[in-house]
Structure formats: structure tokens, C-alpha cells
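Coordinates in review
Each chain, written out:
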Amino acid sequence: MSGEELIRREVIENFTFPGKLVEEILYGSGHINDTFRLAFETEQGRKRYILQRMNKSIFHKPVELMENIVGVTSWLRKKILANGGDADRETLNIVLARDGRPYYLDSAGDYWRAYLFIEGASCYDKVEKREDFYQSAVAFGHFQGLLADYPAKTLHETIMNFHNTASRLDDFKAAVLRDTCGYAGDVQREIRFVLEREHLAYVLGEMQAEKKLPLRVTHNDTKLNNIMIDDKTGKAICVIDLDTVMPGLAVNDFGDSIRFGASTGDEDERDLAKVSCDMELFELYTKGFVEGCAGSLTDEELDMLPIGAMVMTYECGMRFLADHLDGDVYFKTHREGHNLDRCRTQFKLVADMEKKLSAMNAIVDKYRQRER
Ligand code: ATP
Ligand code: MG
Ligand code: MG
């Protein structure tokens, strides 16, 4: 047995799985954690589980991170049961380690966790049908709705200042001043684009400080392959991948989904003529998200959804530009100027959203009326 296999034996023995292990495969297409699917034969038949080795280079506080997941999943389980739902499929369910903890620390120093496997549902890496994007909106909205009265401030901020756009702006300005690679002179236009829109870095934080936007449970990785879609009905049943669950603003989750999901071009498209905000997709996501939230968003939150999309896109573009100036130390690049190309698509989208703001507001109003 290889060292890796020996470690997995140790790990599997230390979780409260029932019966005899009959299958163990590397599973899924996640990029962050190492995911395995296990099957056990028990008297009641076969039971499957997900086992994950958590990525320690990204998540420095695995214990706090698991505390967040325990808090959120046990809350969701209670709500789903109260609504008559199937709590084994509509939320992640943690399998405890033998010592009662929600994780196991192996002898090589890695943290592991286990979940019930959600049967009869699939994850999709690419938006193939517009309906999928709508389903993801409903799922993330529903997640937001079920957690609307969760005490968000009790969650740990496992990645500091994750969507603190003001602090991202400070980091950006420091990168411009450092000008490590001497590129600043060549990207004056992009730098100006950021500086002319500084208000975008402060608007949400100020509203939060004035209590106009409530602190919420946010997911922070709202992509399509982080929801499970029922194989029979085609409907989203569960939000997964809760590593980045943190206290935050609902408009940020919404905004990030629009940023990457409603663009007509790829994130690194060089032909900026191909990049714009697809208003049909914007409408579809807004409809799904507002319906999924089922009346839990405040009027101010609804008002700020389009601005949330703009702020998330602005923040992301500024991070790409800062990384370009720093010499591509954070985001992986596959060609020269890759981060600059990415920054330009984001700024093109921001500019396009500025033009479409009143149309976006009208769309939000249309679905707000229906919910009221
Ligand atoms: P990402 O790259 O999205 O951050 P990750 O490495 O954090 O991914 P997850 O998204 O948690 O990993 O899981 C990887 C894949 O494993 C999922 O896309 C899904 O296909 C599958 N998966 C995870 N949890 C479950 C579950 N409870 N039941 C069924 N499948 C699951
Ligand atoms: Mg994932
Ligand atoms: Mg993940």
C-alpha cells in the first residue's frame, strides 16, 4: 500500500461510517479539495459518502471553517425538515469523526471531512442551457432565504476582507505605487478607470455601516457546479461547497454570479467587442434569485442588486490589474498579459453595466413587485 493509501485507511477508520468499505474512487471536478466517493455495504444496503481532504494552502483555519459549515448545515437541516423537505438531499450533512468532531486531522497533518453523498443528482461544470443558470439562481436565492434569520455575525470570517472592496482598493493603490514590473506607465487608462470609480469601492460598506444593508450568510463561490441538480426533475436541490461561507452581503453573492455568469464573453477574451452584460441572462438570474429568496431581501438589498453586480466586477478587475502590476503572483496565468486581458474584460463589463443600469433596475423592480 502506498503512503497515500495508508493515510486514507487511517482516515476512513476514524470516521463513523457504517458497514464494510466496498468502493473508493477519486471523484468530481473540484479544483480546491481532494474529493473521494466511498461506498459501504450495510445491512440496509449500500450507502455512499463524500470524503474530502481540505486544501490547507488556501484554508488556514480549517477548524473555524468547519464550525461555519456545522452551524449552517444544521440550521438548514432543521428548516428543511420543518418545511417537510428531504434533509438528506437538500443540504450537505456532515458525518462525524469517531471522536465526535466534524473533521479528522490525519498523521500527516491534513484535515479531512465527510458528507452524505447526495444521490440522484448531478453537478454541471458549464452552463449549457439558460435554464441551468436560472436553477442556480433559485438555489442560491433559496439558500439565502433559509438562512435569512441565521445569526450571521457568529460565523467566522475565514478569509479576511474577502469582499471588502475598500481594502481591495487600498491594495490596488499600493500595487500601483510599488510598480514592481514597471508596467504602470503602460496601463494608465486602466488605472484611471479604477480611480474614476472609487465610489464603487465604498458604497456597499457605507450602507452596511449605516445598517441599510444587513449582514447575511454568504456563499462566496456561487458557480453552477456548486449546486446539485436533480436527475429526474432538472431542478436544483442543494447548494454544496460551503468552504467560503462567511458573514457578508447578499448583493455580493448575487453580483459575483452576474459578473461571471451573465457576460457574453470569456473572462480572458481579448476581443472586447464580444464582452457585454447579457440582459436576458441578467433577467433570468434576477428572477430566480428573487424568487428563491422568497421575500427575505429588504428593499435596500433589492435596490442594490445591480450595483452589487457592478461592484463585484469592478473589484475583480482591480484585483486582476493589481496582480498584473505585481508580476502575476496570485492568479495563475497561461500567457503574457493574461491578467491584464482579464482586467480589461471586467472593466468593459463595468462600463456596459453603467449604461444598462436603469434597465437593470427596471428588471429588479419587475420581480420585486411579483414577490410583494
Ligand atoms: P471547487 O473547485 O468548486 O472549489 P472543491 O474542490 O471545493 O470544488 P466540492 O465542490 O466541494 O470541491 O466537491 C467537488 C465535487 O464533488 C462537486 O462538484 C460534486 O460533483 C461532488 N460532491 C461534493 N459534495 C457532494 C455530495 N455531498 N454529494 C454528491 N456529490 C458531491
Ligand atoms: Mg465546488
Ligand atoms: Mg470549493
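Here, the structure is the one placed above.
Note that the coordinates shown come from a computational prediction; the quantities given were computed from them, not determined experimentally.

What counts as what
Residues numbered from 1 in each chain as written. Chains lettered and ligands numbered in written order. Predicted model: local features only at pLDDT ≥ 70, side-chain atom pairs only at ≥ 80, totals over all residues. Heavy atoms only, no water. Helix = DSSP H or I, 4+ residues; strand = E, 2+ residues; numbered from the N terminus. Rg over C-alpha atoms; globule rule 2.2 N^0.38 Å. Buried < 20%, exposed > 50% of the residue type's maximum accessible area, 1.4 Å probe, protein only. Contact = heavy atoms within 4.5 Å. Areas by Shrake-Rupley, 256 points an atom, 1.4 Å probe, with all protein chains shown as cover. Lys, Arg positive; Asp, Glu negative; His and termini not counted. Charge placed at Lys NZ, Arg CZ, Asp CG, Glu CD. Pairing = 2+ DSSP bridges. Axes fitted to C-alpha atoms, helices over the stretch in contact; angles between N-to-C directions. Donors = N, O, S within 2.8 Å, 3.2 Å for Na, K, Ca; no water.

What to know about the overall build of the protein
Helices and strands together make up the secondary structure of the protein, namely eleven helices and eleven strands. Here the protein has a C-alpha radius of gyration of 22 Å; the compact-globule value for 372 residues is 21 Å, and the two agree. Judged by the C-alpha coordinates and their principal axes, the protein covers about 65 × 50 × 40 Å. Scored against the burial criterion, the 372 residues of the protein give a buried share of 50%. For the protein, long-range pairs separated by at least 24 residues make up 73% of all intrachain contacts whose partners lie at least 6 apart in sequence. With an accessible surface of roughly 17,400 Å², the protein has 51% of that area assigned to carbon and sulfur atoms. The averaged location of the 63 negative side-chain charges in the protein is 2 Å from the averaged location of its 49 positive side-chain charges.

What to know about the sheet that holds strand β10 (residues 236–239)
Strand order in this open sheet of three strands is β7-β9-β10, and the pairing throughout is antiparallel. The open sheet has two free edges, formed respectively by β7 (121–122) and β10, since each of these has just one partner strand. Strand direction decides the pairing type here: strand β9 (residues 227–230) and β10, joined by three bridges, are antiparallel. Looking across to β10, one finds that M228 is bridged to C238. Along the sheet face, helix α3 (residues 130–146) touches β9 and β10 and points at about 115° away from the line of β9.

Structural notes on the coordination of the magnesium ion (ligand 2)
Protein coordination of the magnesium ion (ligand 2) is provided by N226 (OD1) and D241 (OD), with donor distances spanning 2.1 to 2.2 Å. In this structure, the magnesium ion (ligand 2) lies 3.8 Å away from the magnesium ion (ligand 3), the two metals sharing D241 as a donor. Taken together, the residues N226 in the loop between β8 (216–218) and β9 and D241 in the loop between β10 and β11 (246–248) connect sequence positions 15 residues apart. Taking relative accessible area as the criterion, N226 reaches 4% and is therefore assigned buried. Here D241 falls in the partly exposed class, since its relative accessible area comes to 24%.

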